[in-house]
Amino acid sequence: PLMRVFRVGSSFVAASSFRAARRRPRRAPPRTQAMAPIQGTAEDNVRVGFNRKEMRTESLVGTVKHHDCHAFFVHDDASRWPAKEFEGQIGDVSRSMHAALEAAAGAHKGGVHQFAPRSNAVGGKVKLNLAEAGARAHASDAPGDVLIFPQSTRRKAYDDPSDASPERVAAFVRDVFVTGDAGAGLPGGECECERLRGAHVFVCTHAARDARCGLCGPALVDAIRAEVDARGLTDRVAVRGCSHVGGHAYAGNVLVFHPLGGVDADADAAASEGTWYGYVTPREIPDIVERTIRRGEKIPRLWRGSMGMKTEDHAAAAAAAAAAAG
């Protein structure tokens, strides 16, 4: 059916009618169904697209919840994610991954698993997102991959979805995130590990969570890929769609994990910094590619915050970045 955009509370929801928007299920739909794409009409663009009135009406600095590690679980296409991506059907592997991290951390608040500082193998608090496994995945990705930053590693939670039992997923979480023992005790032997090089860009494309991300996100993925290709950087920059990162009012939300100094400083360096941008439109993409991806610089007018940085430290860092940029 034709999807229209309706405001429900603080969110914009794509649905066939206002009644359907208010009653949208929080559970995952049957696997044979997928959410129809938002049409992107002129009216939609004014309400939830790049031309909406709320663009740049709020300060972005400090709108990133403190986290020390960010993990992306490659799982399904965004059109099949429920509004709450970890509240899918019982037995869904993404639900198992989230539950295992929550059990290990002891609490989940503000979209972040609240591990105590230095209490695990990845340094503390962990944020988990889904990364698309469809057209907006990277060619190197496969379902079951977990991409972890700032460690810049790809781990394989399972090779065959039929092996992704809650017990196996819990063992994976324990051995990779908690104890860091290279996967000892996992069924089938050690956990695979691949070093991620270059820059990795994630764009929120989670339409079921909010129509602003559903309309802006896919367009930004296409725009970033086109710019990366035009600059001959496709072997050094991976671009992916991801689930809700927090702050859908700031769509388009773009997260850039890049080496210190950017990919021009060292093409083989791992992505050790995580820079969050909001209110991104296609017009900003050349600047993001040139300044952040290639040179490792922050763009103050777009900057929401960074991985590993506490909320109270963002304002001083923003002032320093603005001064450096002139």
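Structure: above.
Residues numbered from 1 in each chain as written. Predicted model: local features only at pLDDT ≥ 70, side-chain atom pairs only at ≥ 80, totals over all residues. Heavy atoms only, no water.

**Thoughts on the overall build of the protein chain**
At step 1: Across its full length, the protein chain carries seven helices and 14 strands.
At step 2: Sorting the 326 residues of the protein chain into buried and exposed places 51% on the buried side.
At step 3: Contacts spanning at least 24 positions in sequence make up 70% of the contacts within the protein chain whose residues lie at least 6 apart. (Helix = DSSP H or I, 4+ residues; strand = E, 2+ residues; numbered from the N terminus. Buried < 20%, exposed > 50% of the residue type's maximum accessible area, 1.4 Å probe, protein only. Contact = heavy atoms within 4.5 Å.)

**Some thoughts on the packing of aromatic side chains**
At step 1: Per the stated rule, a full pass over the model turns up nine aromatic pairs.
At step 2: Consider the rings of Phe-149 and Phe-202, whose centres lie 6.0 Å apart with planes at 75 degrees: the pair is edge-to-face. Of this pair, Phe-149 sits in strand β7 (residues 145-149) while Phe-202 sits in strand β10 (residues 199-204), and the two are 53 residues apart along the sequence.
At step 3: Overall, the relative accessible area of 0% leaves Phe-149 in the buried class.
At step 4: Its relative accessible area of 0% is what places Phe-202 among the buried residues.
At step 5: Grouping aromatic residues by their ring pairs yields a cluster made of Phe-72, Phe-149, Phe-202 and Phe-257. (Phe/Tyr/Trp six-rings, centres within 6.5 Å; stacked < 30°, edge-to-face > 60°.)

**Points about helix α3 (residues 93-105)**
At step 1: For α3, which comprises 13 residues, the first-to-last C-alpha distance of 18 Å matches the rise-based estimate of 18 Å (1.5 Å per residue) to within 8%.
At step 2: Of all the positions in α3, only Val-93, Ser-94, Ser-96, Met-97, His-98, Ala-100, Leu-101 and Ala-105 are classed as buried.
At step 3: The secondary structure elements touched by the buried residues of α3 are β3 (69-74), β4 (108-109), β5 (112-113), β6 (126-131), β7 and α4 (166-178).
At step 4: Positive phi appears at Gly-106, one or two residues downstream of α3, with a value of about 95 degrees. (Expected span 1.5 Å × (residues − 1).)

**Here's the deal with the environment of Pro-143**
At step 1: Summarising the element assignment, Pro-143 is placed in the loop between β6 and β7.
At step 2: We classify Pro-143 as partly exposed; its relative accessible area is 45%.
At step 3: On a C-alpha basis, the gap between Pro-143 and Asp-160 in space is 8.7 Å, while along the polypeptide they are 17 residues apart.
At step 4: If we ignore the near neighbours within four places in the chain, the residues touching Pro-143 are Val-74, Ala-133, Lys-156 and Tyr-158.

**Quick word on the pattern of salt bridges**
At step 1: Taken as a whole, this structure holds 22 salt bridges when the rule is applied.
At step 2: The salt bridge involving Arg-212 is made with Asp-210; its shortest N-O contact spans 2.7 Å. This pair shows no difference in class: Arg-212 is buried, exactly as Asp-210 is.
At step 3: As a salt-bridge pair, Arg-295 and Glu-297 come within 3.0 Å of each other at their nearest N and O atoms. (Salt bridge = Lys/Arg side-chain N within 4 Å of Asp/Glu carboxyl O.)

**Here we look at α4**
At step 1: Along α4, the residues that are buried comprise Arg-168, Val-169, Ala-171, Phe-172, Val-173, Asp-175, Val-176 and Phe-177.
At step 2: Looking one or two places after α4, you find Gly-180, whose phi comes out positive at around 65 degrees.

**Regarding the packing of helix α5 (residues 211-230) against helix α6 (residues 285-294)**
At step 1: The contact between α5 and α6 brings their axes to 9 Å, and the two run at 55 degrees. Here α6 runs oblique to α5, going by the angle between their axes. Between α5 and α6 lies a crossing whose hand is right-handed. Judged by residue contacts, Leu-220, Ala-223, Ile-224, Glu-227 and Val-228 of α5 engage Ile-285, Pro-286 and Val-289 from α6.
At step 2: Along the lines of polarity and charge, the residues of the contact of α5 with α6 split into seven nonpolar, no polar and one charged. (Axes fitted to C-alpha atoms, helices over the stretch in contact; angles between N-to-C directions. Parallel < 35°, antiparallel > 145°, perpendicular 65-115°, else oblique. Left-handed = near helix turned anticlockwise from the far one by under 90°. Nonpolar A, V, L, I, M, F, W, Y, C, P; charged D, E, K, R; others polar.)

From the geometry alone we can't say anything about function, so treat these as descriptive.
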